[in-house]
Amino acid sequence: MIAGIDIGSRSMELVVLDGDKIFIKRKLPTTFDPASQIKNILKDVTLTRIAATGYGRKLVTEELTGCECLSLTEIKAYALGVSHIYPEARTILDIGGQDTKAISLLGKGKVAKFEMNDRCAAGTGKFLEHLATVFQIPIEDFGSYALEGTEPLMINSMCTVFAETEATSLMAQGKNPRDIALGLHGSIVRRTTNMLGRVGLKGPLVFAGGVANNPCVVSMLKEALDIEPLIPEEPDFAGALGAAIHAKVQ
C-alpha cells in the first residue's frame, strides 16, 4: 500500500491508498514529540512507499525504514489533493495551524502562482485558538459564537499578541464580546482576500485546511468575495491526500 502524510504544526494527517481507494484515514495532534506521533499514526500499517509534506516532512525519512520515502512541498500536495477532489478548481485557500496559502491552479494539479504566509501565526488557526482562550470559548465553538455578533468591531492588528490587547481593551469598554469575536474573524478574512487577489482569484474556489471548519470564516469569506467556496468533507486531509497521490504516480 501507498500513503501520504501531512505533518503540520498542530496536527498530522495520514491517508493510505489501496489501489485507487482510500483504505485508511488517521489524524493525531503533532504535539512536542512529532517523531513519536509519526510512529503512532503509522502503527500496524505496512507500506511500500510514503510521501510526506508539511513542516515535519523530513522526520519521516529519519523515522521510517523498510519503505521508500518521498517528500513534496505543501503547495504541490494541496494542489494535487484538491484537484483530485475538485478537478474544476482554479484557486485554493488553505488556512492551517500556523500558515496560510493562496494557490492559483492551471488544472490537473498544476500550480500557476502561489503566496504563503508562514513567518508568523497571524490570521491562522493558532491565531483563532489563542484568542478563543481569551473569550474562554472552546475553539470548536468560536466560529458559531462569533456569528451571534451583529456589528463587527474593527481589529487593526493581525499580530496575535496585539490583537489580544485590542480585544481585551474593547471588553474593558463594555463592548459586546460577540461583536469583538466577529471583528477578529473579519480581520482574518480581510487578510486572506488580499492574498487571493494577489494570486489572481478565479472560481471555483476551494477552501481547505482546518480553519475551513470554522463557520464564521466561511460565511464572511463568502460575503467578501461573493463566491460560494467549495469545502471538502474533511478539509484538513487535502494535503495528505495530495501526498498519497504523489507517492502513487512516482
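Remember, it's a predicted structure, so these values are computed and weren't measured experimentally.

S.K.: Please give an account of the pattern of salt bridges that cites residues and values.
M.R.: The final tally for this structure, using the stated rule, is 11 salt bridges. In this structure, Lys-101 engages Asp-94 in a salt bridge whose closest nitrogen and oxygen atoms are separated by 2.5 Å. Across the pair, Asp-94 and Lys-101 agree in class, each one buried. Residues Lys-101 and Asp-99 are paired through a salt bridge, measuring 3.0 Å at the closest nitrogen-oxygen approach. Both residues of the pair, Lys-101 and Asp-99, belong to the buried class. In the salt-bridge network here, residues are joined through shared partners; they are Glu-74, Asp-94, Asp-99 and Lys-101.

S.K.: How would you summarise the side chain of Asn-117 if you had to cite specific residues and measurements?
M.R.: In this structure, Asn-117 sits in strand β8 (residues 110-117). Exposure remark for Asn-117: the relative accessible area of 11% places this residue in the buried category. There is a polar contact of 3.4 Å between the side chain of Asn-117 and the side chain of Arg-191. In contact with Asn-117, not counting residues within four places along its chain, are Gln-98, Asp-99, Thr-100, Ala-122, Thr-124, Arg-191 and Met-195.

Each value, and the rule that gives it
- Residues numbered from 1 in each chain as written.
- Predicted model: local features only at pLDDT ≥ 70, side-chain atom pairs only at ≥ 80, totals over all residues.
- Heavy atoms only, no water.
- Salt bridge = Lys/Arg side-chain N within 4 Å of Asp/Glu carboxyl O.
- Buried < 20%, exposed > 50% of the residue type's maximum accessible area, 1.4 Å probe, protein only.
- Helix = DSSP H or I, 4+ residues; strand = E, 2+ residues; numbered from the N terminus.
- Polar contact = N/O pair within 3.5 Å; in protein donor to acceptor, adjacent residues only side chain to side chain.
- Contact = heavy atoms within 4.5 Å.

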